[in-house]
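Single-letter residue listing:
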Amino acid sequence: MAEFVREVMTPGVVAVGPDASLVEAAQLMRAQDIGDVLVTTEGHVIGVLTDRDITLRAVADGADPLTVSAQAVCTPNPVVIGPDDAVSAAVALMRDHAIRRLPVMEDGRPVGMVSLGDLAVTQDPGSALADISRAEPDAWPGTAPT
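All residue numbers refer to positions counted from 1 along the written sequence of the respective chain. For a predicted model such as this one, the threshold for reporting local features is a pLDDT of at least 70, and the threshold for listing and counting side-chain atom pairs is 80 or more; totals across whole chains, interfaces and linings nevertheless cover every residue. Excluded from the side-chain calculation are hydrogens and water; included are all heavy atoms of the structure.

A.B. asks: Help me understand the sheet that holds strand 4 (residues 44–50) in this model?
C.D. replies: Strand pairing in a sheet relies on backbone hydrogen bonds, with the paired strands running either antiparallel or parallel. At least two DSSP bridges between two strands are needed for those strands to be called paired. Numbering goes from the N terminus for both helices and strands, where a helix is a DSSP run of H or I of at least four residues and a strand is a run of E of at least two. Read across the open sheet, the four strands follow the order 2-3-4-5; overall the sheet is mixed. For this open sheet the edge positions go to strand 2 (15–16) and strand 5 (75–76), each flanked by a neighbour on one side alone. Pairing of strand 3 (residues 36–41) with strand 4, which is carried by six bridges, proceeds in the antiparallel orientation. Bridge pairing links L38 to V48 in strand 4.

Okay, here's the thing in structure tokens:
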């Protein structure tokens, strides 16, 4: 089993600026096949924006996703973890804060993300969550399969 976060995290991050529209962020999520982006300014993380945030904090209230900024809807000051922290610490943070994703920070900069699915694949590879997390996504209607 993996011991350190760097062994289970997805390296690299996808980020948008605070003034990016929710449409821009959603299109980036779709293109990258991810459920979240970091909201950054000058390389510093100021929030995490998830597909769920867009749905529940904007679209469900009738807000125009073309005019609402990522910063207005994101979760500010996210809980983060370091790449050399123990996987057990990531699990504890996720449990304690009821979150599914943790930005991985090194020297004040984002270097990756660790998700509940990442942990399932490495810590409990036979679980249903691990199977789902490993599965290739379906193609969007009107697009070619990957």
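Having seen the model, we can carry on.
A.B. asks: Quick question: what am I supposed to make of the side chain of T40 here?
C.D. replies: Among the structural elements, T40 can be located in strand 3. Residue class for T40 comes out buried when judged on its relative accessible area of 16%. Residues within four places of T40 in sequence aside, it is in contact with A15, V16, G17, P18, V45 and I46. Exposure classes here rest on a 1.4 Å probe applied to the protein chains alone. A residue is buried below 20% of its type maximum, exposed above 50%, and partly exposed in between. Residue contacts follow a heavy-atom distance rule, with two residues in contact if any of their heavy atoms lie within 4.5 Å.

A.B. asks: Would you explain the pattern of salt bridges in this entry?
C.D. replies: Salt bridge, as used here: a side-chain nitrogen of Lys or Arg that lies within 4 Å of a carboxyl oxygen of Asp or Glu. Under the counting rule described, the total for this entry stands at four salt bridges. R6 is the salt-bridge partner of D84, the closest N and O atoms lying 3.0 Å from each other. With D84 in the loop between strand 5 and helix 4 (87–97) and R6 in the segment before strand 1 (10–11), this pair connects stretches of sequence that are 78 residues apart. Among the residues examined, R6 registers a relative accessible area of 40% and is labelled partly exposed. Residues participating in the shared-partner salt-bridge network are R6, D84 and E106.

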